[in-house]
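# Architecture at a glance
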Amino acid sequence: MGSSSSGHVDAGEDYDTSAVRELGEELGLHTAVAPARWFRVEACAETGHEFVWVYRLRSTGPFTLNAEEIESGGWFTPAEITAWVGASPEEFAPAFRLIWGLAENLKSTQK
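Values in this document were obtained by computation on a predicted structure and should not be read as measured data. (Residues numbered from 1 in each chain as written. Predicted model: local features only at pLDDT ≥ 70, side-chain atom pairs only at ≥ 80, totals over all residues. Heavy atoms only, no water.)

Two elements in contact, helix 2 (residues 78-87) and helix 3 (residues 94-109), have axes separated by 11 Å at closest approach and are oriented at 135°. As judged from the angle between their axes, helix 2 and helix 3 are oblique. Between helix 2 and helix 3 lies a crossing whose hand is left-handed. Note on element contacts: helix 3 touches helix 2 through Phe96, Arg97, Trp100, Glu104 and Lys107, opposite Pro78, Ile81, Thr82 and Val85. Here the contact of helix 2 with helix 3 is built from residues that sort into 5 nonpolar, 1 polar and 3 charged. (Axes fitted to C-alpha atoms, helices over the stretch in contact; angles between N-to-C directions. Helix = DSSP H or I, 4+ residues; strand = E, 2+ residues; numbered from the N terminus. Parallel < 35°, antiparallel > 145°, perpendicular 65-115°, else oblique. Left-handed = near helix turned anticlockwise from the far one by under 90°. Contact = heavy atoms within 4.5 Å. Nonpolar A, V, L, I, M, F, W, Y, C, P; charged D, E, K, R; others polar.)

Below, the structure written as structure tokens:
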């Protein structure tokens, strides 16, 4: 699923509640519990000085993309995304580039 859903924690929410809400709002994926937390990113320039929790979830859907929340959707392999980010980094937000790099490094050390 890549970085298919992201958002901000609303007042009174915690990260897990926000993750469940954002999956529903953006992808139409409704889950009773939050996905597993994968890793945390400290506030920095790339994240707009916001703290980030990255979650990891595998799902076959069903998905209903919310056109008001996301520009487009598609299925890509991790290798395709890595190549795309390398060839055209300007097409990705700084936070995505940072998180994708951290995730790729984490995956290689967890093998």
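Between two aromatic rings, the relevant description is the distance of the centres plus the angle of the planes. Summed over the entire model, instances satisfying the criterion amount to 6 aromatic pairs. Seen from their ring centres, tryptophan 38 and phenylalanine 39 are 5.2 Å apart, and the 65° between their planes marks the pair as edge-to-face. Among the residues examined, phenylalanine 39 registers a relative accessible area of 9% and is labelled buried. Sitting over the face of the ring of tryptophan 53, arginine 37 holds its NZ or CZ atom 4.6 Å from the ring centroid. Against the face of tryptophan 38 rests arginine 56, its NZ or CZ located 4.1 Å from the ring centre. (Phe/Tyr/Trp six-rings, centres within 6.5 Å; stacked < 30°, edge-to-face > 60°. Buried < 20%, exposed > 50% of the residue type's maximum accessible area, 1.4 Å probe, protein only. Lys NZ or Arg CZ within 6 Å of the ring centre and 35° of its normal.)

Model confidence for the protein is summarised by a mean pLDDT of 89, while 95% of its residues fall at 70 or above. The weakest mean pLDDT in the protein belongs to helix 3 at 89; the strongest belongs to strand 1 (residues 36-41) at 96. (pLDDT = per-residue confidence, 0-100.)

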